[in-house]
Amino acid sequence: MTTITYSNARLLDLDAGALTARTSLTLVNGRIAAQGAPEGGEIVDLDGLTLMPGLIDCHFHVVAWQLDLWSNVIAPDSLAALRAATVMEELLGKGFTTVRDLGGADFGLVRGVEEGLIDGPDLIICGKALSMTGGHTDLRPRTDIRPDAMGERLGNMGAIVDGVDEVRRFCRTQIKQGARFIKVMANGGVSSPNDPIDGLQYSDDELRAMVEEAGNANTYVSAHVYSDASIRRCVKLGITSLEHCNLISPETAKLAAEAGCIAIPTLAAYEGLALEGKTFGFGDAEYAKIETVRTGGQNSLKYMRDAGLPMAFGTDLLGQLRKYGGLEFGLLAKVLSPVEILRDMYRAGARLCRMEGEIGTLKPGARGHLIAVRGNPLEDISILGDAAANIPLVIKDGKIRRDRRAAA
Ligand code: ZN
Ligand code: ZN
């Protein structure tokens, strides 16, 4: 039995909306055992640092090494895996102990973490996202008519799947291969060349088939959606994880809340794209789409908060934009309070990862996924976006994985 106590720490108490007085948190065999009284074992004095659950990013693509998505699609699997491992190790270094991958990562990367080959976050995967022909992850240029040009290599975030029968077979295959939920591109996108942002993708019948297949496997469907019409259609068809939601209306936000949905706004991605998209070769058409979703994003936060629609934390940062992930906290804080942001990151995030009670909490029995923070994120949440300066310790399964205390 391994017992370790992190002492002299202020714990994040989201029920009280405050930090506790200095106390200790004891972990036994990598799980949280008790607050308060240490009982033997190793003691690590945190000297007044804030101790809180490890961060959860509920929208990421660890295989998206380059913003030039086609270059990821054609990379050999071995190279894509090594790149993904690097991205995952970066994420853990930033304090993310659990990451939900929204398309691309496979069971090998999950196992790589479990076997200790990758020093990264736990990965909750969907396998490949489903995209219809001409949909959001159909990256073929208009002139490329090869039916199988996309392939299904590891660096590819999605697969082209059409028709109810093929949709069913594909969902079953993803689940059989370790997917914990199903991801669909149900609306046009920003990073794709041929699909308008207000276009609906897939027929109702195909989406219903996905919902049924996911439900049969006791899980859910997550949809990439921007436009209000696409969100509303997904809610009505039983899809419960709503990605982006930049152009949602107040009425649809209420419908989604009543249906028990969770939204995952991903604002930093568009800030990063607006700052650097042109240098990476985005054309005018894509650039106009970025501006539409960027300005919509801030309004959507207000509508979703007012409707009582929980919002998990996600960044969706592709390739070279990864460096902008820290912006997400500050962007959310323009509308939401730090308590609202953290409560939803942990509670809605744990629900989406289907790990309630396991992550996002300091209660006994939870996994020992923790970060120690310099300062109080309830006063200034943006400090969580700069791990090098403000997150000296990252702890996963009770063990210290990153230690920057000496750099203070
Ligand atoms: Zn998306
Ligand atoms: Zn995404």
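As the structure is a prediction and not an experimental result, all values here were calculated from the model.

Caption draft 1: Quick peek at the overall build of the protein chain. Per the secondary structure count, the protein chain includes 12 helices and 17 strands. By its C-alpha atoms, the protein chain is 65 × 45 × 45 Å across when sized along the principal axes. Expressed as a percentage of its 408 residues, the buried residues of the protein chain come to 57%. When contacts within the protein chain are restricted to residue pairs at least 6 apart in sequence, long-range pairs at least 24 apart make up 71% of them.

Caption draft 2: Molecular detail of the coordination of the zinc ion (ligand 2). Taken together, His59 (NE2), His61 (NE2) and Asp316 (OD) make up the protein donors of the zinc ion (ligand 2), found 2.0 to 2.3 Å from the metal. Donor residues for the zinc ion (ligand 2) sit on one chain with the sequence pattern H-x1-H-x254-D. Taken as an interatomic distance, the gap from the zinc ion (ligand 2) to the zinc ion (ligand 1) is 3.6 Å. Of this pair, histidine 59 sits in strand E6 (residues 55-60) while aspartate 316 sits in the loop between helix H9 (284-307) and helix H10 (327-332), and the two are 257 residues apart along the sequence. Exposure class is identical for histidine 59 and aspartate 316. Each is buried.

Caption draft 3: Region of interest: the state of the cysteines. Using the criterion set out here, one finds 0 disulfides in the structure. For the unlinked cysteine cysteine 234, the closest cysteine sulfur is that of cysteine 261, found at 9.1 Å. On the basis of relative accessible area, cysteine 234 is assigned to the buried category, the value being 0%. Not engaged in a disulfide, the cysteine cysteine 261 finds its nearest cysteine sulfur in cysteine 245; these two sulfurs lie 8.6 Å apart.

Caption draft 4: Representation of the domain arrangement of the protein chain. Here the protein chain is described as being made up of domain 1 (3-53 + 360-407) and domain 2 (55-352). In this structure, domain 1 and domain 2 have C-alpha centres spaced 29 Å apart. In this assembly, 24 residues from domain 1 lie in contact with 25 residues from domain 2. Interface area, domain 1 with domain 2, both sides summed: about 2,000 Å², of which 65% is carbon and sulfur. Together, Leu14, Ile381 and Arg402 form the three largest contributors to the area buried by domain 1 at its contact with domain 2, with a combined 31%. Where domain 1 touches domain 2, the interface holds 5 salt bridges. With a shortest N-O distance of 2.9 Å, arginine 347 and aspartate 15 are connected by a salt bridge.

Caption draft 5: Inspection of the sheet that holds strand E8 (residues 122-124) at higher detail. Read across the sheet, 3 strands follow the order E6-E7-E8 without closing on themselves; strand pairing throughout is parallel. A strand with exactly one partner marks an edge of an open sheet, and here the two such strands are E6 and E8. With direction set aside, neighbouring strand axes in the sheet form an average angle of 20 degrees. The pairing of strand E7 (residues 96-101) with E8 spans 3 bridges and is parallel. Bridge pairing links arginine 100 to isoleucine 124 in E8. Relative to E7, helix H2 (residues 77-93) is tilted by about 135 degrees, and along the sheet it contacts E6, E7 and E8. Docked against the sheet, helix H11 (residues 338-352) engages E6 and E7, running at close to 55 degrees with respect to E6.

Caption draft 6: Just the packing of helix H7 (residues 250-258) against H9, in detail. Between H7 and H9, the shortest axis-to-axis distance is 8 Å and the interhelical angle comes to 45 degrees. When the axes of H7 and H9 are compared, the pair comes out oblique. As for the relative orientation of H7 and H9, their crossing is right-handed in sense. Contact with H7, carried on its side by Pro250, Ala253, Lys254 and Ala257, involves Tyr303, Met304 and Ala307 of H9 and no other residues of that element. When the residues that make up the contact of H7 with H9 are grouped by side-chain class, the tally is 6 nonpolar, no polar and 1 charged.

Caption draft 7: Seen up close, the pairing of strand E13 (residues 241-247). With 6 of 7 residues buried, E13 lies mostly within the body of the structure. Bridge count for strand E12 (residues 221-227) against E13 is 5 bridges, and the pairing is parallel. Bridge pairing in E13 links valine 225 to histidine 244. Each parallel crossover has a hand, and the one from E12 via helix H6 (residues 228-236) to E13 is right-handed. Judged from the 3 bridges that link them, E13 and strand E14 (residues 262-264) form a sheet pairing that is parallel. The partner of serine 241 across the bridge, within E14, is isoleucine 262. Handedness of the crossover joining E13 and E14 through H7: right-handed.

Caption draft 8: Molecular detail of H9. Here H9 contains 24 residues, and its C-alpha end-to-end distance of 34 Å stays within 8% of the 34 Å for a straight helix at 1.5 Å per residue. The sharpest bend along H9 comes to roughly 35 degrees, located at glycine 297. Burial in H9 covers these residues: Glu286, Tyr287, Lys289, Ile290, Val293, Gly296, Gly297, Ser300, Leu301, Met304 and Ala307. Those residues of H9 that are buried lie in contact with E12, E13, H7, E14, helix H8 (267-276) and H10.

Analysis parameters
Residues numbered from 1 in each chain as written. Chains lettered and ligands numbered in written order. Predicted model: local features only at pLDDT ≥ 70, side-chain atom pairs only at ≥ 80, totals over all residues. Heavy atoms only, no water. Helix = DSSP H or I, 4+ residues; strand = E, 2+ residues; numbered from the N terminus. Buried < 20%, exposed > 50% of the residue type's maximum accessible area, 1.4 Å probe, protein only. Contact = heavy atoms within 4.5 Å. Donors = N, O, S within 2.8 Å, 3.2 Å for Na, K, Ca; no water. Disulfide = S-S within 2.5 Å. Domains from an automatic or database assignment. Buried area = accessible area lost by both parts, 1.4 Å probe. Salt bridge = Lys/Arg side-chain N within 4 Å of Asp/Glu carboxyl O. Pairing = 2+ DSSP bridges. Axes fitted to C-alpha atoms, helices over the stretch in contact; angles between N-to-C directions. Parallel < 35°, antiparallel > 145°, perpendicular 65-115°, else oblique. Left-handed = near helix turned anticlockwise from the far one by under 90°. Nonpolar A, V, L, I, M, F, W, Y, C, P; charged D, E, K, R; others polar. Right-handed = clockwise from strand over helix to strand, strands pointing away. Expected span 1.5 Å × (residues − 1). Bend = angle between axes of the 7 residues up to and from the residue.

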